[in-house]
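Here's the letter readout for the chains.
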Amino acid sequence: MSAVLALVLVAGVQAATIPEPVFDTLHGRVAGWAHSTGGYWFAVYVDRKGGDWCGLAGASWRMALVETRHLPARVTADRRIGGAMCGNTLSWVRAGRFSDGRHPEVAFMLWATPSIGAFTYIYRLQGGRFSLLARFGGDRVTIGVGTVTVAFENRDRNPLGDLEDTYRFSRGHYKLVNRH
């Protein structure tokens, strides 16, 4: 019976396939990607095999923008996010128009470790380049058009001492508008 259950569970899991232009142009371990507007793919990846038991020590997290409008696909922007270490996890990657609903943007959430916490980054795509709009530290971050909600497991994890903060995009920046 347990063997049948295991087969059913394994059959229900589907692996995501890295898009060919991303796989072909990035030299590293791609952890997440999203299709953006204008013929671009956005990807977050680890640049090389690191040392230590987890294979991340000495490596770096990077993000890249891969243009696919003209072949062959090419990297138009590549930026280092930070050093990689054991315990890092990429939670999600998204592309959309988050801030004002007009400009193409990308976002991702990268955990340092569960005890240290995570940061969510939002970048605007301008001329095939990255421009940082905001960085939010929190355990759960929800992005909507013009709003970001940052939630925390407990009050001690938030420097402001709240369980949830809401930010609105106004005049080119995200501003704190509500604390719970």
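Residue numbering note: each chain is counted from 1, following its sequence as written. Local features in this predicted model are restricted to residues of pLDDT 70 or higher, and side-chain atom pairs are both shown and tallied only at a pLDDT of 80 or more, whereas totals for entire chains, interfaces and linings draw on every residue. Working from all heavy atoms in the structure, the side-chain values ignore hydrogens and water.

Please give an account of the sheet that holds strand 2 (residues 40-46) that cites residues and values.
Pairing within the open sheet is antiparallel, and its 4 strands lie in the order 1-2-3-4. Taken across any chain shown, the strands that pair with only one partner, and hence form the sheet edges, are strand 1 (29-36) and strand 4 (74-83). In this sheet, adjacent strand axes meet at a mean angle of 20° when their direction is disregarded. At least two DSSP bridges between two strands are needed for those strands to be called paired. Runs of H or I in DSSP of at least four residues are treated as helices and runs of E of at least two as strands, each being numbered from the N terminus. For helices, the fitted axis covers only the stretch in contact; all axes are lines through C-alpha atoms, and the angles between them, taken along N-to-C directions, range from 0 to 180 degrees.

Outline the environment of Pro 104, supporting the account with residue identities and numerical values.
Along the chain, Pro 104 turns up in the loop between strand 5 (89-96) and strand 6 (105-113). Partly exposed describes any residue whose relative accessible area lies between the buried limit of under 20% and the exposed limit of over 50%, with all areas from a 1.4 Å probe on protein chains only and scaled to the type maximum. The class of Pro 104 is partly exposed, set by a relative accessible area of 21%. Sequence spacing of Pro 104 and Arg 124 is 20 residues, and the spatial spacing of their C-alpha atoms is 6.2 Å.

Account for the pairing of strand 10 (residues 147-151), with residues named and values stated.
Across 5 bridges, strand 9 (residues 140-144) lies against strand 10 in antiparallel orientation. Note that in strand 10 the partner of Gly 144 across the bridge is Thr 147. Between strand 9 and the antiparallel strand that follows it, strand 10, lie 2 residues; Gly 146 among them carries a positive phi value of about 80°. One ladder, built from 5 bridges, connects strand 10 with strand 11 (residues 164-170); its direction is antiparallel.

Now, about the sheet that holds strand 8 (residues 129-137): what can you tell me, with residues and values included?
Across the sheet, which stays open at both edges, the 4 strands sit in the order 5-6-7-8 with antiparallel pairing between neighbours. On the outer flanks of this sheet lie strand 5 and strand 8, each paired with one strand and no other. Along the sheet, successive strands turn relative to each other by an average axial angle of 20°, direction set aside.

Pulling in residues and values, what's your account of the pattern of salt bridges?
We define a salt bridge as a contact between a side-chain nitrogen of Lys or Arg and a carboxyl oxygen of Asp or Glu at a distance within 4 Å. Overall, the coordinates contain 8 salt bridges when judged by the stated rule. When the shortest N-O distance is used, the salt bridge between Arg 69 and Glu 67 registers 3.2 Å. We classify Glu 67 as buried; its relative accessible area is 2%. With a shortest N-O distance of 3.8 Å, Asp 100 and Arg 124 are connected by a salt bridge. Here Asp 100, found in the loop between strand 5 and strand 6, pairs with Arg 124, found in strand 7 (residues 117-126); they are 24 residues apart in sequence, far enough to count as distant. What makes Arg 124 buried here is its relative accessible area of 10%. The network of salt bridges with common partners includes Asp 100, Arg 102, Glu 105 and Arg 124.

Break down the state of the cysteines for me, with residues and values.
Counting rule for disulfides: a pair of cysteine sulfur atoms within 2.5 Å. By the definition in use, this model includes 1 disulfide. Across the disulfide from Cys 54 sits Cys 86; the S-S distance is 2.0 Å. Its S-S torsion of about -85° marks the bond between Cys 54 and Cys 86 as left-handed, since a negative value means left-handed. Of the two residues, Cys 54 is situated in the loop between strand 2 and strand 3 (60-67) and Cys 86 in the loop between strand 4 and strand 5; the sequence distance between them amounts to 32 residues.

Please set out the pairing of strand 8 residue by residue, giving values where relevant.
Pairing of strand 7 with strand 8, which is carried by 8 bridges, proceeds in the antiparallel orientation. When the sheet's bridge partners are listed, Thr 120 is paired in strand 8 with Phe 136. Between strand 7 and strand 8, which pair antiparallel and follow one another directly, the connecting turn spans 2 residues, one of which, Gly 127, has a positive phi of 60°.

With reference to specific residues and values, describe the confidence of the model for the chain.
Detailed reading of the predicted coordinates is not advisable wherever pLDDT is low. When pLDDT is averaged across the chain, the result is 87; 92% of the residues are at 70 or more. Considering each helix and strand of the chain separately, the mean pLDDT is smallest for helix 1 (residues 2-12), with a value of 35, and largest for strand 3, with 96. pLDDT expresses how confident the predictor is about each individual residue, on a scale running from 0 to 100.

Give a detailed account of the environment of Leu 132, specifying residues and quantitative values.
Position of Leu 132 relative to the elements: it lies in strand 8. Sequence-wise, Leu 132 and Asp 100 are 32 residues apart; in three dimensions their C-alpha atoms are separated by 15 Å.

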